[in-house]
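# Per-entry structural report
In case you want the letters, here they are:
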Amino acid sequence: VSTAQAINDPLGRLYDVIGGGLIADGALIVLCFSFVLANGLNDYSAGLGLQNIGVPVSRVFGSLIFAFFALSLAFVFHLTPLGSLTSDVLLIAGYYTVCWFGVVIVELWLRRSEASPWVKSPVSPGAALAAFIGALLILLPFSATSVGNQIAADSSAFAWVGIVSRELLSGGGLGYEAGAIASALLYGIFRGLSLWNQSRRSADKSRALES
């Protein structure tokens, strides 16, 4: 479903993929409900944020202010070329966060038996950074953004950006999935190598002291 056509005509794209009738109606209801739920939570949090920084407004009024500006921006983005740019910026921001998600979820899983795993200091920050950067590079062939496609079209050196999306997925994107999986796998490998290296250095130091 996720293609460039879906951004310009999401209802038409749904019809192309799943047809009309009851299934399409159900998909649209689920889609609209998910949008309402996600944006409602964001709006609620924005109202609380105003109170947290000391702005003297009620939570309800603060949420209404954010809802007004958000809807206004949505109409502006929909009716101007800014919409495409905004979509790309949000996708890129999502790629950024999903690579950290892979690192964090592995670390929390390995600390699952601890009472407060989030309090413990980082075990291997270097491995986390390497996994993050590596995952960002790995997901680029799976990404589907107009900016990435334009860069790939303008320079043969960057033809690999979005190549899987263009050639195998008919424009659809798997950047989120690729980023999460790659970062988790890379961090697991790099973390293990880092701890093994630390253990080896400690053993060498102990033997040196003994001798």
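First, a word on what this report is: a plain description of the structure on this page. These figures come from a predicted structure and were not determined experimentally. (Residues numbered from 1 in each chain as written. Predicted model: local features only at pLDDT ≥ 70, side-chain atom pairs only at ≥ 80, totals over all residues. Heavy atoms only, no water.)

### Here's the deal with the overall build of the protein
Counting its secondary structure elements, the protein contains nine helices and zero strands. Along its sequence from the N terminus, the protein presents helices and strands in the succession α-α-α-α-α-α-α-α-α. Taking 2.2 N^0.38 as the reference for a compact globule, 211 residues should give roughly 17 Å; the C-alpha atoms of the protein span a radius of gyration of 23 Å, well beyond that estimate. Put simply, the protein has 211 residues, and 24% of those count as buried. Taking all contacts inside the protein whose residues are at least 6 apart in sequence as the whole, residues at least 24 apart take part in 57%. Across the protein, the 11 positively charged side chains and the 12 negatively charged ones have centroids separated by 17 Å. (Helix = DSSP H or I, 4+ residues; strand = E, 2+ residues; numbered from the N terminus. Rg over C-alpha atoms; globule rule 2.2 N^0.38 Å. Buried < 20%, exposed > 50% of the residue type's maximum accessible area, 1.4 Å probe, protein only. Contact = heavy atoms within 4.5 Å. Lys, Arg positive; Asp, Glu negative; His and termini not counted. Charge placed at Lys NZ, Arg CZ, Asp CG, Glu CD.)

### Digging into the side chain of E107
Position of E107 among the secondary structure elements: in helix α5 (residues 82–110). At 2.4 Å, the side chain of E107 forms a polar contact with the side chain of Y187. With sequence-adjacent residues up to four places away left out, E107 is seen in contact with V123, Y187 and R191. (Polar contact = N/O pair within 3.5 Å; in protein donor to acceptor, adjacent residues only side chain to side chain.)

### Some remarks on the packing of helix α3 (residues 22–52) against helix α4 (residues 59–79)
Relative orientation of the contacting elements α3 and α4 amounts to 120 degrees, with a least axis distance of 8 Å. Accordingly, the angle class assigned to the pair α3 and α4 is oblique. Of the two possible hands of crossing, α3 and α4 adopt the one that is right-handed. Across the interface between the two elements, D43, Y44, A46, G47, L48, L50 and Q51 of α3 pack against R59, G62, S63, F66 and A67 of α4. (Axes fitted to C-alpha atoms, helices over the stretch in contact; angles between N-to-C directions. Parallel < 35°, antiparallel > 145°, perpendicular 65-115°, else oblique. Left-handed = near helix turned anticlockwise from the far one by under 90°.)

### Observations concerning the pattern of salt bridges
Summed over the entire model, instances satisfying the criterion amount to two salt bridges. Across the pair R191 and E107 runs a salt bridge whose closest N-O atoms are separated by 2.9 Å. Here R191, found in helix α9 (residues 175–210), pairs with E107, found in helix α5; they are 84 residues apart in sequence, far enough to count as distant. The pair formed by R191 and E107 is uniform in burial state, with each residue classed as buried. A single salt-bridge network, built from bridges that share partners, covers E107, R111 and R191. (Salt bridge = Lys/Arg side-chain N within 4 Å of Asp/Glu carboxyl O.)

### Quick word on the packing of aromatic side chains
One pass over the full model with this rule turns up four aromatic pairs. Pairing Y95 with Y176 gives two aromatic rings, centres 5.3 Å apart and planes at 55 degrees, and the pair type is tilted. Of the two residues, Y95 is situated in helix α5 and Y176 in helix α9; the sequence distance between them amounts to 81 residues. Centre to centre, the rings of W100 and F132 are 4.6 Å apart; their planes meet at 10 degrees, and the pair counts as stacked. (Phe/Tyr/Trp six-rings, centres within 6.5 Å; stacked < 30°, edge-to-face > 60°.)

### Side note on the nonpolar core
Within the largest apolar cluster, nine residues are counted, these being Y95, V98, C99, F132, A135, L139, A178, A180 and A182. Ignoring anything within four residues of it in the chain, the contact list for Y95 reads L136, L139, S143, A144, T145, G175 and Y176. Membership of the second largest hydrophobic core comes to seven residues, among which are V106, A127, A128 and A131. (Core = buried A, V, L, I, M, F, W, Y, C linked by side-chain atoms within 4.5 Å.)

### Concerning the layout of surface pockets
Empty space within the second largest pocket amounts to approximately 240 Å³. Forming the boundary of the second largest pocket are 14 residues, of which I92, L140, S143, G148 and V161 lie nearest the centre. Class assignment for the residues of the lining of the second largest pocket results in eleven nonpolar, three polar and no charged. (1 Å grid on protein atoms, 1.4 Å probe; cavity = no way out; pocket = protein on both sides within 12 Å on 5 of 7 lines; lining within 4 Å. Points joined across faces, edges and corners; volume = space filled by probe spheres on them. Nonpolar A, V, L, I, M, F, W, Y, C, P; charged D, E, K, R; others polar.)

### Some details on the packing of helix α6 (residues 125–139) against α9
At a minimum axis distance of 8 Å, the contact between α6 and α9 shows a crossing angle of 145 degrees. By crossing handedness, the relation of α6 to α9 is classed as right-handed. In contact with A127, A128, A130, A131, G134, A135, I138 and L139 of α6, α9 contributes G175, A178, G179, A182, S183, L186, Y187, F190 and R191. When grouped by side-chain class, the residues that make up the contact of α6 with α9 number twelve nonpolar, four polar and one charged.

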